[in-house]
Amino acid sequence: MNLPKLTAGDPDKVYSFSKHLSWGVSDEGRFNELIAEAVKLVHPGSYFGDNLFTWCRNISFADDQPFVQALESNFKTRSDEATVWRRYVQACAAYHCVQLPGDFVECGCYFGTGVKTVMDYLGGKEFPKIFWAYDTFDYHPVAALACPDHQPGLFDEVRKRFDGYRQVRLAKGLIPGVFDVECPASISYLHIDLNHAESEIAALDRLFPLVVPGGVILLDDYEWSADYRRQKIAEDAWFEARSYRVMPLPTGQGLVIKR
């Protein structure tokens, strides 16, 4: 297995990252002005994007050139450019999981950007695992949470995007019913991004028992509030019943490692 190499970092190098795209802001222009002013008041190593502002950080993804190349070659939307830290959490989890038995799974893949970034980081068309990518694609069952491109034709667009990636299994349909038709036997990497509490619990009900020991479960919306808080509450109860705690990440994600 050819894993990407992490070159030694320059101890005197300090990275910063800024992408002015945030959610839940009433006056985006004014907000961005204030963030720009705040950056001047803090020590170097700042990160701003995806509703996260921090400083005195290493910005580790900037030292991982194979990841940067995979990421930048797969930008599809403005939000892809802002969610870099989230993507790097996925990539690091995938680096761990690709060395375990079991397939990769993403529930709620949309354009497939997260799937393809992970695959390109870990071998591209030579990625050594089966990667299952679930979505309704051409529509969204919950209208209030639909993304703009959940329209007829999205499935064909995503399928073309993965032309030559023989390891990808695009599974079109509603969760959990689609698992009766297309489902892995075992899982090492499980990424859930369905924006809907009941659907995410249904996915956990069916797929968590298939995750191998040491496998990683990433909950994309776990630590986001407002419309997403129902997901956290439902998932906390689900994992509590199984004596697990979800690790909340400042990126808005939640992380669980299977025993």
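Residues numbered from 1 in each chain as written. Predicted model: local features only at pLDDT ≥ 70, side-chain atom pairs only at ≥ 80, totals over all residues. Heavy atoms only, no water.

So, about the sheet that holds strand 4 (residues 103-107). Spatial ordering of the open sheet is given by 6-5-4-7-8-10-9, a layout of seven strands whose pairing is mixed. Looking at which strands have only one partner, the edges of the open sheet turn out to be strand 6 (168-172) and strand 9 (247-248). Sheet topology note: the strand 8 (residues 211-219)/strand 10 (residues 254-257) ladder contains four bridges and is antiparallel. Its bridge partner being in strand 10, L218 is matched across the sheet by L255. (Pairing = 2+ DSSP bridges. Helix = DSSP H or I, 4+ residues; strand = E, 2+ residues; numbered from the N terminus.)

In terms of residue burial, strand 5 (residues 131-135) counts as a mostly covered element, since five of its five residues are buried. Here strand 5 shows two buried faces, one formed by F131, A133 and D135 and the other by W132 and Y134. Alignment of strand 4 against strand 5, held across four bridges, turns out to be parallel. Among the inter-strand pairings, C107 is bridged to a residue of strand 5, identified as Y134. At this point the chain moves from strand 4, through helix 5 (residues 113-121), to the parallel strand 5, and the crossover so formed is right-handed. (Buried < 20%, exposed > 50% of the residue type's maximum accessible area, 1.4 Å probe, protein only. Right-handed = clockwise from strand over helix to strand, strands pointing away.)

Now for helix 2 (residues 65-72). An α-helical segment advances 3.6 residues per turn. Residues three or four places apart therefore align on the same side. Here helix 2 has its buried residues at F67, V68, A70 and L71. Down the axis, helix 2 shows its buried residues gathered within 165° of arc, on one side only. For helix 2, exposure combined with an orientation more than 90 degrees from the buried face picks out Q69 and E72. The secondary structure elements touched by the buried residues of helix 2 are helix 4 (84-97) and helix 5. (Arc of directions from axis to C-beta. Contact = heavy atoms within 4.5 Å.)

We now examine the state of the cysteines. Taken as a whole and judged by the stated rule, the model has zero disulfides. The thiol of C92 is not disulfide-bonded; the next cysteine sulfur, from C97, is found 11 Å away. Look at C92 and you get partly exposed, because its relative accessible area is 37%. With no disulfide of its own, C107 has C183 as its nearest cysteine by sulfur position, at a separation of 8.9 Å. (Disulfide = S-S within 2.5 Å.)

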